[in-house]
Each structure stands twice: as structure tokens, then as C-alpha cells.
Amino acid sequence: MKIERAADLGFCFGVRRALGILEDAARQKGGVETLGALVHNRQVMARLNGLGVRTVNDVSEITGKTVVVSSHGVGPRVLQDIRERGIEIVDTTCPFVQRAQTAARRLSEAGFFTVIYGDVNHPEVRGILGWAEGHGIATLSAGDLDSIELPRHIGLLSQTTQVPARFIDFAKRVTETAMVKDAELRLVDTVCHDIRKRQAAALELAGRADLMLVIGGHHSANTRHLVDLCAAKTETHLVETEAEIDPSWLKGKNLVGVTAGASTAPETIDSVVRRLEDLAG
Ligand code: F3S
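Just so we're clear, the structure is a prediction, and the values are computed from it rather than from any experiment.

Caption draft 1: Region of the structure containing empty space enclosed by the protein. Counting across every chain of the model gives one cavity of 30 Å³ or more. Space inside the largest cavity adds up to approximately 300 Å³. As for the largest cavity, its lining consists of 24 residues, and the residues nearest its centre are C12, V15, H72, T161 and N222. Contributions of two or more residues to the lining of the largest cavity are made by α1 (13-29), α4 (95-109), α7 (193-206) and α8 (221-231). Top contributing element to the lining of the largest cavity by residue count: α1, with three residues. Residue classes in the lining of the largest cavity are distributed as twelve nonpolar, ten polar and two charged.

Laid out in C-alpha cells, this is it:
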């Protein structure tokens, strides 16, 4: 049995950057609070807890003088609320997320209603919506738009971690709706480049493998997308750690592919690959 890692996998640029900033802040200040989980990965969060990093879910829960804004970013009202409380902000918002926030702000300033292709419950999407200043909605189903009266000026963005092909399908549906209304549409491609590379590498490997293991948090959006993409090509399982590997999955498999979500640490990937090697004998 051969085990092969996808050409691009694991920590993305934004997560690596955010962790570097957070770890420096935690060491300098002897611990620090983050607003929302920095990444949706339990192993990484456990390591950060060891450095004195504590997660708060609301500005009102901040007890220290400094707070770290996660790579998912927040809306302008949240930033203002923090500043008004005299709390210092260490901002780890990913530059790709900032790009989407800026696009939402510009669209709003230009009088456009922003439609975000994304999960409205995800912190990144809630933050981007905040930059649209109340002139926008987020959904993963274009059908949801049938029930609302869309204005004639519509801006289209995507959550950074969505699958590009699905964003295109969504945009086509919105375009059909908009054309009936004689509307003006502006689309900004806000899908992250790192995510594109990871999805392409996972798909390429899944096309050759008999089995794919996707390593990542069960609540991580980008990890779930990798699972969906790979599952369309071959047998696929999501595991958070090596302990979740079921040896029966490997029976009769020649090539086992491994990929990992953008918030999965290299140590976790190495442990999964080592376990696979042990099982392969
Ligand atoms: Fe940023 Fe893309 Fe990672 S948006 S946080 S580089 S998945």
C-alpha cells in the first residue's frame, strides 16, 4: 500500500501568519485573549491554551487590556466597540479576508446590495456582512434570494473558503434573477488562492487514490469542502487525529491519499501518516 500526501495541504498562509502573531503576543504578555477561536482545530487550540491563550466569544467577556482578532476578522462595529472599551487590538485578520471586507465596504459605499455566497453562521461571513453596513445578506442557496426583493444594484462576493465552481453556479443563478430586474451586477472574486491550490491538489490526488483521508476539524468549513470534493472521486473519510483511523478502510487499497484542512497542524498530519505506515506494515 502506498501513501501519498497532496501537493498542497495543511496550514494556509493566513493561519500560519495569525499563529505567528498570536504566539508572539502571548509570550510577550504572558497570555492573551482571542475573540472567537483563532482556528477551528482542537489540536491547535489545545497547544495555544498551553501558551496562556484563552478564547472569548463576545467583546463583553474580554477581561484583559489586549484582545486578538482571529484570522476570520470582525466587522467595523465590533472593532469600534473594543476600542471604546480602551482595549488594545492585535489584528490577525487574513489579508485575503480583508480583501473581501474591503470589497463589501466599497460596494456598500457605491450603493450596491451585497450578496455573499457563504455560511451566515461563520464568523468570517458575519464580519464581511458587517463591512457591508447592513446592505447585504449571506446564503449558500440562491433559492433563498427568490423570497427577498433584490435591489437593482447587486454586488456578489464569496466566503474565502468556498469551492470556486459552486460560487460560479451561485453567481449564474443570481445573474438570471438580476437580468429579469434589469439590474447592474458587480462580482468580486474573493475565493482565497491558498484554498484553490489545496482543493486542486486534493482533487488531483483523489482522482488517482483508492482512498482519501482528509485531516481536520469536524467544524472546519474548508475541511468539509475538501471532504465533499474528494468524496465525489473516491472513498473518503474525515479524521481529526490518527486515533480515528479505522484499519478496515485500508483493506485492498493500493494508493491512500492524504490531505488536510487549512487549520491542521503539520504534527497532526505527520501522526496520521505514521499511523497509516504502521498499519500498512
Ligand atoms: Fe486566509 Fe485563505 Fe487561510 S483566506 S486564513 S489564507 S484559507
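Caption draft 2: Structural view of the site of the ligand. Taken together, C12, G14, C94, F96, T160, C192 and I195 form the complete shell of residues around the ligand. Under a 2 Å grid-point criterion requiring more than half of the atoms, the pocket assigned to the ligand is the largest cavity. Considered class by class, the residues forming the shell around the ligand number five nonpolar, two polar and no charged.

Caption draft 3: Examining the environment of G143 more closely. Relative to the helices and strands, G143 is located in the loop between β7 (136-139) and β8 (153-158). Overall, G143 belongs to the partly exposed group, its relative accessible area being 31%. For the pair G143 and Q43, spaced 100 residues apart in the sequence, the C-alpha separation amounts to 37 Å.

Caption draft 4: Fine view of the UniProt feature "active site" (unreviewed entry) in the protein chain. UniProt tags E124 as "active site" (unreviewed entry). Position of E124 among the secondary structure elements: in helix α5 (residues 123-131). Residue classification places E124 among the buried residues on the basis of a relative accessible area of 2%. Apart from the residues within four sequence positions on either side, E124 is in contact with H72, V97, Q159 and T160.

Caption draft 5: Representation of the UniProt feature "binding site: dimethylallyl diphosphate" (unreviewed entry) in the protein chain. This chain's UniProt record puts "binding site: dimethylallyl diphosphate" (unreviewed entry) on H40, H72, H122, S220, N222 and S263. Lining the largest cavity, out of the annotated residues just given, are H40, H72, H122, S220, N222 and S263. Here S220 lies in the loop between β10 (211-215) and α8. The exposure class assigned to S220 is buried, which follows from its relative accessible area of 2%. Looking at where S263 falls in the secondary structure, it is placed in the loop between β12 (255-260) and α9 (266-280). The buried category is assigned to S263, whose relative accessible area is 5%. Excluding anything up to four places from it in sequence, S263 contacts F11, V15, V39, H40, N41, V44 and S220.

The rules behind each value
Residues numbered from 1 in each chain as written. Predicted model: local features only at pLDDT ≥ 70, side-chain atom pairs only at ≥ 80, totals over all residues. Heavy atoms only, no water. 1 Å grid on protein atoms, 1.4 Å probe; cavity = no way out; pocket = protein on both sides within 12 Å on 5 of 7 lines; lining within 4 Å. Points joined across faces, edges and corners; volume = space filled by probe spheres on them. Helix = DSSP H or I, 4+ residues; strand = E, 2+ residues; numbered from the N terminus. Nonpolar A, V, L, I, M, F, W, Y, C, P; charged D, E, K, R; others polar. Near = heavy atom within 4 Å. Sits in = over half its atoms within 2 Å of the grid points. Buried < 20%, exposed > 50% of the residue type's maximum accessible area, 1.4 Å probe, protein only. UniProt positions renumbered as here; feature names shortened; annotations may be inferred. Contact = heavy atoms within 4.5 Å.

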